[in-house]
Amino acid sequence: MKWFGKKKDKEIDDTALESVTRGLLVFAHPTTVISVEEILKDEGYSIRVVSPPPSYRTGCDLSVEFPLEFEAEISELLNSVGMAPLDVVPITSKGMEPLHFVRKKEFNGRYLMIRAANMKMTVDKISGKIVNISGGGCPDVPYMATEMIGQRLTDVSSPGEVGYSLCAYSLNTSYEELVKELGA
Amino acid sequence: MLLLAGSVPVKDLPLLIGPVEITSHGIKMDGHVLEVNRGNEAMMTAAALICQEYKLDKPVGMVAGDTGNRAGSEAIYKYLAENLPNMNADVVTLHYVMPDINLNKKVLATIDTMDKKPVMIADAGTMYVAKAGGDAHYYDVFTPDLGEMAFLADDKADHPAFTRGYIFDLEDDVPALIQKAHEANNVPATMFVKGATDYICLNGEIVETISEPCVETMEPIGGTGDLITGMISALIYAGKSPLDACRIAGRVNRQAGVLSQPTPATQIEEILQFLPQALHEVLEQLG
């Protein structure tokens with residue numbers, strides 16, 4: 001039994017010795033993170049979009065990992081654009097990054113469907129209109145479908161602007177890939 | 001009673017509860033008509049059509065408006081946590097809601113207090129939160145598509161958006177995903193995996209696949225999975241076993257696809273209208 005106690009002490013010591021150099025910006029909605037990611041990357045910060053630590057997880061969350069040494073200036077920047085995080089926490093372990101792989105499929109040479117994770121968006125290449133949105137399970141998916149289907153890819157607000165959830169984040173990946181493929 | 005619950009994309013719509021009536025403008029519930037687009041309305045319409053064909057009482061719908069701000073989803077979780085034991089539900093299907101592990105656990109804690117536990121079916125956000133919370137064992141049937149199957153197989157992911165790349169790449173090996181998900185206790189006893197080939201599973205074993213007729217243009221159409229979930233719910237309520245409900249629903253969905261001859265631009269209500277005919281044809285084929 002003493003051995004187990006010793007091992008536990010060592011684990012605690014290791015954690016305590018690990019230097020905390022990264023922090024996490026926690027937001028209310030995953031899609032706020034899309035805007036924050038763009039702003040901070042444009043400013044040259046080394047950031048990653050990741051899942052929050054377990055104590056912050058509800059099942060549909062996303063946060064931004066950043067270098068803790070820049071906490072003050074990043075907080076000031078986000079406050080100035082009205083995107084202040086709900087919380088800022090130091091972290092010692094790496095969060096999971098959302099999936100950015102996509103799968104593409106063409107139908108009859110006319111329709112292009114792109115799927116990211118569980119979300120699919122299909123566009124008519126002749127008219128440039130979004131003809132279907134499929135997959136997903138968060139409540140903003142049917143809402144985004146209502147707002148986006150029938151709109152031209154070039155005219156429509158992106159899922160990152162219309163939605164709130166991780167499904168919206170994945171659909172935004174499909175949308176961005178479609179814009180890349182078909183041109184904005 | 002068959003209870004179907006989930007959010008609808010109508011801003012500020014309060015919690016509505018009542019029998020689901022099919023009208024020419026959509027489904028009518030608690031004095032409100034809801035347009036059938038996809039999601040819960042499509043799932044509820046499919047269930048109501050099957051109940052109608054089996055001459056059962058109408059399913060009871062529970063909806064609240066939620067376009068992503070969580071308010072409607074929270075109203076549904078809270079109502080279920082406080083009132084489910086008094087609703088006398090035999091089958092409960094929970095569908096589009098904003099995943100919230102804590103609120104979902106309150107609903108499940110309420111179910112723990114019930115002498116007679118209803119048959120529990122989960123798809124969409126409810127399936128995500130059940131898996132993320134380690135609560136898949138509370139449910140009887142899940143109905144994932146391939147992207148969701150990969151998520152269920154990844155014991156580290158809280159949401160399909162976090163599925164790790166190497167598991168996402170396993171989608172061409174669906175049996176491996178099913179096995180991984182089962183070994184991690186992330187799925188209930190019965191599962192219907194929707195795809196070009198549908199997989200019907202019991203306790204982690206594939207007991208049947210359905211791949212014909214294949215209407216490839218169904219894949220991009222939003223709501224086809226919702227129809228399957230609605231039909232499975234109603235068929236179980238009609239007395240079918242979960243496995244038989246999956247067998248029938250999978251075939252009816254494909255047959256409705258054949259009858260509607262969709263393009264990738266077809267919307268789900270165009271397929272829904274063929275469900276009764278497709279059901280008759282499938283039941284005749286199955287004898």
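Residues numbered from 1 in each chain as written. Chains lettered and ligands numbered in written order. Predicted model: local features only at pLDDT ≥ 70, side-chain atom pairs only at ≥ 80, totals over all residues.

As for the overall build of chain B
Stage number 1. In terms of helices and strands, chain B carries 11 helices and 12 strands.
Stage number 2. Taking 2.2 N^0.38 as the reference for a compact globule, 287 residues should give roughly 19 Å; the C-alpha atoms of chain B span a radius of gyration of 17 Å, in line with that estimate.
Stage number 3. Projected onto its principal axes, the C-alpha positions of chain B cover 45 × 40 × 35 Å.
Stage number 4. Out of the 287 residues belonging to chain B, those deemed buried represent 57%.
Stage number 5. Considering only residue pairs separated by 6 or more positions, chain B has 68% of its internal contacts joining residues 24 or more positions apart. (Helix = DSSP H or I, 4+ residues; strand = E, 2+ residues; numbered from the N terminus. Rg over C-alpha atoms; globule rule 2.2 N^0.38 Å. Buried ≥ 20, exposed ≤ 12 C-beta atoms within 10 Å, placed from the backbone. Contact = placed C-beta atoms within 7 Å.)

A few points about the interface of chain A and chain B
Stage number 1. Counting from both sides, the interface comprises 38 residues of chain A and, opposite them, 43 residues of chain B.
Stage number 2. When contributions to the side of chain A that touches chain B are tallied by element, the ones reaching two or more residues are strand E6 (111-116), strand E7 (119-124), strand E8 (130-135), helix H4 (140-148) and helix H6 (166-182) of chain A.
Stage number 3. Here the side of chain A that touches chain B takes six residues from H4(A), the largest share from any one element.
Stage number 4. A breakdown of the residues in the side of chain A that touches chain B according to their chemical character gives 20 nonpolar, 13 polar and five charged. (Nonpolar A, V, L, I, M, F, W, Y, C, P; charged D, E, K, R; others polar.)

Regarding the nonpolar core
Stage number 1. If you look at the biggest cluster of nonpolar residues, it comprises 143 residues, and the most contacted ones within it are B:Ala46, B:Ala47, B:Met231 and B:Ile232.
Stage number 2. At nine residues, helix H1 (residues 39-53) of chain B tops the list of elements feeding residues into this core.
Stage number 3. Split by domain, the residues of this core number at least three in each of domain 1 (18-91) and domain 2 (102-182) of chain A.
Stage number 4. If sequence neighbours within four positions are ignored, B:Met231 has contacts with B:Ala46, B:Ala47, B:Ile50, B:Ala249 and B:Val252. (Core = buried A, V, L, I, M, F, W, Y, C linked by C-beta atoms within 7 Å. Domains from an automatic or database assignment.)

Quick notes on the pairing of strand E8 (residues 119-122) of chain B
Look at any regular strand and the pattern is simple: side chains alternate between the two faces of the sheet.
Residues and elements named next belong to chain B.
Stage number 1. Of the strand pairs in this sheet, strand E7 (residues 91-94) and E8 are connected by four bridges, and their pairing is parallel. Bridge assignment links Val92 to a residue of E8, and that residue is Met120.
Stage number 2. Handedness of the β-α-β unit built from E7, helix H3 (residues 101-112) and E8 comes out right-handed.
Stage number 3. Where E8 meets strand E9 (residues 141-142), two bridges bridge the pair, whose relative direction is parallel. Residue pairing for E9: Ile121 is matched across the bridge by Val141.
Stage number 4. A crossover links E8 with its parallel partner E9, the connecting element being helix H4 (residues 124-132), and its sense is right-handed. (Pairing = 2+ DSSP bridges. Right-handed = clockwise from strand over helix to strand, strands pointing away.)

Considerations on the sheet that holds strand E5 (residues 102-107) of chain A
Residues and elements named next belong to chain A.
Stage number 1. With respect to topology, four strands assemble into an open sheet ordered E5-E6-E7-E8, the strand pairing being antiparallel. Two strands lie at the open edges of the sheet, namely E5 and E8, each paired on one side alone. Adjacent strand axes in the sheet meet at a mean angle of 15° when their direction is disregarded.
Stage number 2. Here six bridges tie E5 to E6, and the two strands are oriented antiparallel to one another. Following the sheet pairing, Val102 is matched in E6 by Ala116. (Axes fitted to C-alpha atoms, helices over the stretch in contact; angles between N-to-C directions.)

A closer look at the domain arrangement of chain A
Residue and element names in this part refer to chain A.
Stage number 1. Domains assigned within chain A are domain 1 (18-91) and domain 2 (102-182).
Stage number 2. Relative to domain 2, the C-alpha centre of domain 1 lies at a distance of 26 Å.
Stage number 3. Residue-level contacts link six residues of domain 1 with nine residues of domain 2.
Stage number 4. In terms of residue class, the side of domain 1 that touches domain 2 is built from four nonpolar, two polar and no charged.

Points about the environment of A:Met83
Residue and element names in this part refer to chain A.
Stage number 1. Inspection of the secondary structure puts Met83 in the loop between helix H3 (71-80) and strand E4 (87-91).
Stage number 2. Residue classification places Met83 among the partly exposed positions, given that 15 C-beta atoms sit within 10 Å.
Stage number 3. Note: C-alpha distance between Met83 and Glu106 (23 residues apart in sequence) is 38 Å.
Stage number 4. Residues within four places of Met83 in sequence aside, it is in contact with Thr32, Ser35, Val36 and Leu78.

Considerations on unusual backbone geometry
Stage number 1. B:Pro213 follows B:Glu212 through a cis peptide bond whose omega is -10°.
Stage number 2. By the element assignment, B:Pro213 lies in the loop between strand E12 (205-210) and helix H8 (224-237).
Stage number 3. Positioned with a positive phi, A:Ala117 is a non-glycine residue whose angle comes to about 50°.

Examining the sheet that holds E8(B)
Strands pair in a sheet through their backbones, by hydrogen bonds, and they do so in one of two ways: parallel or antiparallel.
Residues and elements named next belong to chain B.
Stage number 1. Reading across the sheet, the nine strands line up as E2-E6-E1-E7-E8-E9-E10-E11-E12 and stay open at both edges, with mixed pairing between neighbours. Of all strands in the sheet, those bounded by a partner on one side alone are strand E2 (16-19) and E12.
Stage number 2. The strands touched by helix H7 (residues 174-183) within the sheet are strand E10 (190-193), strand E11 (198-202) and E12, with E11 carrying the most contacts at an inclination of about 30°.

Considerations on the confidence of the model for chain A
Stage number 1. Across chain A, the average pLDDT comes to 86, with 89% of residues at 70 or higher.
Stage number 2. Every residue in residues 1-17 of chain A scores below 50 in pLDDT, and together they form one contact with partners more than four places removed in sequence or on other chains. (pLDDT = per-residue confidence, 0-100.)

Concerning the packing of H4(A) against H6(A)
Residues and elements named next belong to chain A.
Stage number 1. Close contact between H4 and H6 brings their axes to 9 Å; oriented N to C, the two are set at 40°. With respect to their mutual orientation, H4 and H6 come out oblique. Seen from H4, the contacting residues are Asp140, Val141 and Met144; seen from H6, they are Cys167, Ala168 and Leu171.
Stage number 2. Broken down by class, the residue content of the contact of H4 with H6 amounts to five nonpolar, no polar and one charged. (Parallel < 35°, antiparallel > 145°, perpendicular 65-115°, else oblique.)

Observations regarding the pairing of strand E1 (residues 22-26) of chain A
Residues and elements named next belong to chain A.
Stage number 1. Most of E1 sits inside the fold, with four of its five residues counted as buried.
Stage number 2. Both E1 and strand E3 (residues 63-67) contribute to a ladder of five bridges, which runs antiparallel. Bridging across to E3, Val26 finds its partner in Ser63.
Stage number 3. Relative to E4, E1 runs antiparallel, the two being bridged by five bridges. Residue Leu25 lies in a different strand from E4, and its bridge partner there is Val88.

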